[in-house]
Amino acid sequence: MTVRPVMLKGKLLVQMSVLDSRQDTTKNYCPQEAAEQLQQLLRLPWHSGSLQTLAATTTIQHDRAKALPINGSISDPFLQRIGLQTADGRVKASMQAKFTQINEFLKLLIHTGQLEHMEQQQQQPNPSSSSSSSSSSSALHVLDCGCGSSHLTFGTLHYLHHVRGLPVQLTGIDTNAALMQRSNRYCADLGISDVAQFHTAAIRSYEPDTAPDIVLALHACDTATDEALALGVRLGTGVIMSVPCCQKDLHRQQAAAQQQQQQRPGSSSSSSVNGELFDPLLSHGILRQRMLDLLTDGFRAQLLQLAGYRTDVVEFVSTEHTPRNLLIRAVRQQRPLPEADLTRLAGQYSALKQYWGVTPHLEKLMREDGTLPAALQ
């Protein structure tokens, strides 16, 4: 941006030239208008700037800290104990990517607007609750499926309970017994065993004592993602957030369907289950993998919509932090979808399924649970 005084027809004006990624725009303003324009420009998220005058050149940097759900620059014994921070209060170099993932995950949870809604619900008195059970029943129940090393689990607990001040009951489950024992030791060391527990359990067989308000699944491998989504739907969870990982089920199904198609009389060796339309993509390993990954998540999102969730698929973090960077975010709606929308979504889903000759694993689980939408029965 360049700002300079100009004289036009004997009148002093301020000429402002702004260069963006596409073009250079130059306009002349009276001094008052120029001041307003500058104020608007300075509100943009500039990182730094160079102020050049006839007398000197000065570099300007803003001093506003980047707003994050969890501020890693503040020393915190909790963050240190779970291995995110050093003893002197800095995020460990080896944990920078994980710390970024936690904060971005929390941002996307905040953006649902459901935390405010849940806070309001907790503030409403419940006359039917006894004094002994009211504390647990009014808490926000969070379930992390396939929590592994539990960094996201503890990060979520830290934000909701310590930063936001919400009463929380958090549970993490994983089949790795050693990791669950370690996480429980952390809870004991931190004095939070009353609000956080970890269990060695498979997602599919786990039955929580209380239906969770939020179900999380960060990088649950292959069909474990489907198990977490199916569990959330079956329990009527308000918010489901999942970052899929290592998607193989649909790849196996598509390969089997393709092989079966090729073995039919009259089929050429190059033809696929979809004819030759997608051969330019399916014949290259990396393109085939990414296409079927996206197809898998598309099926999942459509099923969640049909189950009564407002669903979107968003970028989780940039690929420099993790190549598995898509997040499925689903918020349960109070009102059912209109019949016309259900019919349209079910038709799209069925047509896509038939075209590819596959049956998504999430559909199988929902059918077993009795939660498959009637439009797909």
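Overview of the structure. The model shown is predicted, which means the values in this text are computed figures rather than measured ones.

Applying the stated criterion across every chain yields a total of five aromatic pairs. When the ring of Phe299 is compared with that of Tyr349, the centres are 5.3 Å apart and the planes differ by 80°; the resulting orientation is edge-to-face. Of this pair, Phe299 sits in helix 11 (residues 285–306) while Tyr349 is found in helix 12 (residues 339–356), placing the two residues 50 residues apart along the sequence. With respect to burial, Phe299 and Tyr349 carry one shared label: buried. Among the aromatic residues, ring-to-ring pairing joins Phe78, Phe154, Tyr186 and Phe198 into one connected group.

The residue His219 is not glycine, and still its phi comes out positive at about 60°. One non-glycine residue, Asp222, adopts positive backbone phi at about 50°. If you trace the backbone, Asp222 turns up in the loop between strand 9 (214–221) and helix 8 (224–234). Using a relative accessible area of 13% as the deciding quantity, one classes Asp222 as buried.

Spatially, the three strands line up as an open sheet ordered 1-2-3, and their pairing is antiparallel. What marks the edges here is a single partner per strand, and that holds for strand 1 (2–8) and strand 3 (24–29). On average, each strand axis in the sheet is tilted by 25° relative to the strand beside it, whichever way the strands run.

Another aspect to go through is helix 11. For helix 11, built from 22 residues, the straight-helix expectation of 32 Å at 1.5 Å per residue is met to within 8% by its first-to-last C-alpha distance of 32 Å. Taken from the residues just after helix 11, Gly308 is the one with a positive phi, measuring 100°.

What the seven strands build is an open sheet, ordered 8-7-6-9-10-13-12; its pairing is mixed. Where the open sheet ends on each side, the last strands, each with one partner, are strand 8 (196–200) and strand 12 (309–315). Between one strand axis and the next, the sheet turns by 15° as a mean value, whatever way the strands run. Strand direction decides the pairing type here: strand 10 (residues 239–245) and strand 13 (residues 326–332), joined by four bridges, are antiparallel. Across the sheet, the residue bridging to Met241 is Arg329, located in strand 13. Sheet contacts for helix 6 (residues 151–163): strand 6 (140–145), strand 7 (168–174), strand 8 and strand 9; angle to strand 7, the most-contacted strand, approximately 175°. This element, helix 8, spans strand 6, strand 9, strand 10 and strand 12 of the sheet and lies at about 170° to strand 10.

The grouping of Leu281, Ile286 and Leu287 at the surface amounts to a nonpolar patch, some 230 Å² of accessible area in total. Inspection of the secondary structure assignment puts Leu287 in helix 11.

Turning next to the nonpolar core. One finds Phe105, Leu140 and Ile214 to be the most contacted residues of the largest nonpolar core, which totals 43 residues. Counting residues per element, this core draws most heavily on helix 3 (residues 96–110), which supplies six residues. For Ile214, the contacting residues outside a window of four places in its chain are Leu109, Leu115, Met118, Leu140, His141, Val142, Leu143, Thr237 and Val239. Counting 29 residues, the second-largest nonpolar core is a separate cluster that includes Leu303, Leu306, Ala330 and Met366.

Cut-off values and rules
Residues numbered from 1 in each chain as written. Predicted model: local features only at pLDDT ≥ 70, side-chain atom pairs only at ≥ 80, totals over all residues. Heavy atoms only, no water. Phe/Tyr/Trp six-rings, centres within 6.5 Å; stacked < 30°, edge-to-face > 60°. Helix = DSSP H or I, 4+ residues; strand = E, 2+ residues; numbered from the N terminus. Buried < 20%, exposed > 50% of the residue type's maximum accessible area, 1.4 Å probe, protein only. Pairing = 2+ DSSP bridges. Axes fitted to C-alpha atoms, helices over the stretch in contact; angles between N-to-C directions. Expected span 1.5 Å × (residues − 1). Contact = heavy atoms within 4.5 Å. Patch = residues over 30% accessible without salt bridge, like charges linked within 9 Å, V, L, I, M, F, W, Y side chains within 5 Å. Areas by Shrake-Rupley, 256 points an atom, 1.4 Å probe, with all protein chains shown as cover. Salt bridge = Lys/Arg side-chain N within 4 Å of Asp/Glu carboxyl O. Core = buried A, V, L, I, M, F, W, Y, C linked by side-chain atoms within 4.5 Å.

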